[in-house]
Amino acid sequence: MRGRRAFVFGLDCASPELWFARWREELPVISALCAEGTYGPLHSVHPPITIPAWAAMLTGCDPGQLGLYGFRGRRSRQARTATLHDATDLEVPTLWDLLGRDGRESIVVGFPPSYPPRPLRGHLVSGMLTPPGADDWTFPASLRDEVAGWVGSDRGYAFDAEAHRGPDPGQLRDEVFEMTRTRFDVVRRLVRSRPWDFGFVHEIGLDRLQHAYWGSLASPDSAESEILRDYHRLLDAEIGETLELLPDDAIVCVVSDHGARPFEGSFRLNEWLRRQAELWLGDDAGELDAVEVAERLRRHDFLRVLLTILGVVDFGMNIQEGLDAPRFHHQWLPDLIAHEHFGFSPDTRALLQAKGHSFNERKSQGQAQGIVYDAKADLLEGGHDKRAPDSAAIGH
Ligand SMILES: [Zn+2]
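Attention here is on the structure that accompanies the text. None of these values were measured; they are calculated from a predicted model.

1. Some thoughts on the overall build of the protein
On a plain count of helices and strands, the protein comes out with 14 helices and 13 strands. Projected onto the principal axes, the alpha-carbon positions of the protein cover approximately 70 × 50 × 40 Å. Split into buried and exposed, the 396 residues of the protein put 30% on the buried side. Contacts in the protein between residues far apart in sequence, at least 24 positions, make up 54% of those at least 6 positions apart.

Here it is as structure tokens:
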């Protein structure tokens with residue numbers, strides 16, 4: 001007899017403010033799951049990007065352990081250009097790999113870095129990033145013709161949407177809606193016809209529509225906002241129809257990898273440093289003599305500025321923590337990670353060593369003083385580098 005089974009619905013880019021608030025009343029399946037179970041916003045990984053986020057969710061490893069930080073990465077330490085990640089870059093077991101070792105069967109549809117398919121105990125249809133024209137997108141390979149036969153569309157099984165935002169919002173809508181209906185139909189056929197203990201489906205449609213139409217949410221009556229609402233209803237209904245096939249005691253999770261926000265602008269660190277005359281690119285330095293360049297570089301060491309800004313902006317440190325944080329440096333060649341004494345924990349060193357890194361421990365990597373301006377509170381917060389005992393941060 002099978003033990004208790006589990007099914008995970010992975011909705012790319014699902015936003016808590018829409019699912020749990022704005023449209024909750026119109027989404028009966030999700031509303032019922034929320035009422036019967038538990039729900040809330042999930043923290044994503046850092047960086048909150050599709051590939052590392054789903055890989056982290058289904059392996060339990062963070063992006064650093066996985067070596068996955070986005071859609072692209074360098075294949076080897078020697079490679080100079082970044083290439084699109086695929087399943088061969090996933091070097092740790094996924095949840096279904098571990099379940100398979102325990103004799104459990106899985107159904108996996110659309111997991112992002114799953115092309116080319118790795119053998120598993122169960123059935124797999126690969127996901128977005130499957131190259132166009134690929135013919136080896138299932139495991140076992142014989143499943144492909146069966147899935148193709150289930151799909152009524154003459155375009156074949158769609159891994160992702162190809163249309164982008166254009167003058168006619170209907171084109172992207174039609175493509176995404178058809179893709180999602182087909183995907184869930186394939187999932188249900190597998191659930192009905194194959195043995196399974198664990199199921200996972202990933203749907204990219206929400207991400208594609210929200211990239212195109214998120215801005216329209218401010219005008220609820222617009223055609224684009226209506227498309228987003230209808231698509232939420234479609235997903236809710238497709239999940240509901242699938243739940244009807246699951247045993248009553250099945251463990252059900254609906255999860256996402258990140259939400260969505262309006263794009264209001266970006267801070268280009270290089271450009272800002274350039275305007276402050278702290279960074280030179282290519283010919284910028286042409287008018288300075290070599291001594292002046294060396295002197296400015298010494299004064300304005302980019303590394304300590306960058307690490308401090310990253311600590312504050314991306315890791316939520318206050319300015320003092322950002323300045324105190326151990327500094328490290330890698331500049332491609334020489335291929336060495338320089339770091340301060342106690343800069344990395346023994347665990348981190350061991351993980352990096354296993355990936356082939358070597359280290360150069362230094363006493364300190366420069367000194368910096370910093371002031372953060374909190375515009376909301378109209379407050380200046382100063383931080384002083386503990387590496388420099390006789391200096392201070394002074395603001396006006
Ligand atoms: Zn995503």
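Having seen it, we continue.
2. Overview of the packing of helix H7 (residues 169-193) against helix H8 (residues 205-213)
In the contact formed by H7 and H8, the axes pass within 10 Å of each other and the chain directions differ by 165°. As the angle between them shows, H7 and H8 are arranged roughly antiparallel. Classified by chirality, the crossing of H8 by H7 is left-handed. Contact residues: Leu172, Val176, Met179 and Thr180 in H7; Gly205, Arg208, Leu209 and Ala212 in H8. Its residues assigned to classes, the contact of H7 with H8 comprises five nonpolar, two polar and one charged.

3. Thoughts on the packing of H7 against helix H9 (residues 223-243)
Look at H7 against H9: their axes get within 10 Å of each other, and the N-to-C directions meet at 5°. When the axis of H7 is compared with that of H9, the two are roughly parallel. Contact with H7, carried on its side by Pro169, Arg173, Val176, Phe177, Thr180, Phe184, Val187, Arg188 and Val191, involves Ala223, Glu224, Ile227, Tyr231, Leu234, Leu235, Glu238, Glu241 and Thr242 of H9 and no other residues of that element.

4. Thoughts on helix H14 (residues 346-354)
With zero of nine residues buried, H14 is to be regarded as a mostly surface element. With its phi angle positive at about 95°, Gly356 sits one or two positions after the end of H14.

5. Looking at the pairing of strand E1 (residues 6-11)
Two elements, E1 and strand E7 (residues 198-203), share six bridges in a ladder whose sense is parallel. If you follow Phe7 over to E7, its bridge partner there is Gly199. Inspection of the sheet shows E1 paired to strand E8 (residues 251-255) by five bridges, in the parallel sense. Looking at E8, one finds that Val8 is bridged to Cys253.

Scoring rules and cut-offs
- Residues numbered from 1 in each chain as written.
- Predicted model: local features only at pLDDT ≥ 70, side-chain atom pairs only at ≥ 80, totals over all residues.
- Helix = DSSP H or I, 4+ residues; strand = E, 2+ residues; numbered from the N terminus.
- Buried ≥ 20, exposed ≤ 12 C-beta atoms within 10 Å, placed from the backbone.
- Contact = placed C-beta atoms within 7 Å.
- Axes fitted to C-alpha atoms, helices over the stretch in contact; angles between N-to-C directions.
- Parallel < 35°, antiparallel > 145°, perpendicular 65-115°, else oblique.
- Left-handed = near helix turned anticlockwise from the far one by under 90°.
- Nonpolar A, V, L, I, M, F, W, Y, C, P; charged D, E, K, R; others polar.
- Pairing = 2+ DSSP bridges.

Keep in mind these values describe shape, not function.
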